[in-house]
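# Structural characterization, general
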Amino acid sequence: MVDKETLDWDELLEAIKRFRFEVFERLEKIEKRIDRLEKTKHPSGLLRLNWRIANVVASAQKLEILARNQKIMFFEFEGDFKNFLSDLKRLIDDLREVMGSVDWELIQGHTAIMLSAAHRVGLPFTTVGTLLINTLGDDSVHAVSEESIQEFYGASALAWWRKNIQRMMSK
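Chains are numbered independently. Their residues run from 1 in the order of the written sequence. In keeping with the predicted nature of the model, local features appear solely for residues at pLDDT of at least 70, side-chain atom pairs appear and are counted solely at 80 or more, and the whole-chain, interface and lining totals rest on all residues. Side-chain measures here rest on the full set of heavy atoms in the structure, leaving out hydrogens and waters.

### Here we look at the environment of Ser-140
Spelled out, the test is: A run of H or I in DSSP becomes a helix once it reaches four residues, and a run of E becomes a strand once it reaches two; helices and strands are each numbered from the N terminus. Only protein chains enter the accessibility calculation, which uses a 1.4 Å probe; a residue whose area is less than 20% of its type maximum is buried, one above 50% is exposed, and one in between is partly exposed. Contacts are assigned to residue pairs that have any heavy atoms within 4.5 Å of one another.
By secondary structure assignment, the location of Ser-140 is in helix α6 (residues 140-143). Accessibility expressed as a relative area gives 0% for Ser-140, which makes it buried. For the pair Ser-140 and Gly-129, spaced eleven residues apart in sequence, the C-alpha separation works out to 8.9 Å. Excluding residues that lie within four positions of it along the chain, Ser-140 makes contacts with Leu-132, Ile-133, Trp-161, Ile-165 and Met-168.

### Side note on helix α3 (residues 74-99)
One full turn of an α-helix is made of 3.6 residues, so residues set three or four places apart face in the same direction. Stated precisely, the cut-off is as follows: Expected helix span is computed as 1.5 Å times (number of residues minus one).
Compared with the 38 Å implied by 1.5 Å per residue over 26 residues, the 37 Å span of α3 between its first and last C-alpha is a close match. For α3, every residue scored as buried is listed here: Phe-77, Asp-80, Phe-81, Phe-84, Leu-85, Asp-87, Leu-88, Leu-91, Ile-92, Asp-94, Leu-95 and Val-98. Of the residues one or two after α3, Gly-100 is the one with positive phi, at around 90°.

### With respect to the confidence of the model for the protein chain
Close inspection of predicted coordinates is inappropriate in any region flagged by low pLDDT. As a reminder, the rule being used: Per-residue confidence from the predictor is given as pLDDT, running between 0 and 100.
For the protein chain, the mean per-residue pLDDT works out to 86, and 92% of the residues sit at or above 70. Between the elements of the protein chain, mean pLDDT differs from a low of 75, seen in helix α1 (residues 2-41), to a high of 96, seen in helix α7 (residues 146-153).

### Overview of the nonpolar core
Here is the rule: Nonpolar core, defined: a set of buried Ala, Val, Leu, Ile, Met, Phe, Trp, Tyr and Cys residues in which side-chain atoms within 4.5 Å join the residues together.
In terms of nonpolar packing, the biggest core is built from 40 residues, with Phe-77, Phe-81, Ile-107, Leu-115, Val-128 and Tyr-153 touching the most fellow members. Those elements that place two or more of their residues in this core are α2 (43-68), α3, α4 (104-121), α5 (125-136), α7 and α8 (155-170). Ranked by the residues each element gives to this core, the list is headed by α3, at nine residues. Excluding anything up to four places from it in sequence, Tyr-153 contacts Leu-115, Ala-118, His-119, Leu-123, Pro-124, Phe-125 and Val-128.

See below:
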C-alpha cells in the first residue's frame, strides 16, 4: 500500500508541474496579446498610419495628375512612381507593425490608380512589375490585384506578372 500511495503522490506532483507549466505558458501568450493591443491603441502609431496613408494617397494622385499632363517628362514620372512605391512600402510595414495585419484592399485601391497612371503615360508593364517586385518584395503579391493588371495592361502583362511572382515565391 505504501508503494501505491507514493505512486499517487508522484503522479499528483507531476500533474501539478504540468498544470503549472501550462498556466505560465497561457499567461505569457495573454501578456503578448495585451502588449500588441497596447501598441495598436497607442496614439503615435495611429498618427503615423494616418500620415503614411495621406502620403500614399498624395503620391497616387500626383501620378494621376502627371499622367494627364500633355507635357509629362518620362523620367519625372518614373521618379514619382518610385517615390509612390517607397511610400507604399512604408505604409505596408507600418500597418503590419501597428495593426498586426495589412488591409490589402486599401493597398490595392492605390496601386490600381498607380497602374492606370503608368499605363496612360506609356510605362511598360515589365518596368512597372519589376519596380513593384524590387521595392515591395513578397508583399507585391498582395499589393496589386490581378484584375487591375488585366484591366490596364492586358492578358500578356498578367501572364508576365504571374510567372515572375511564381519565380519570386519559389526562391
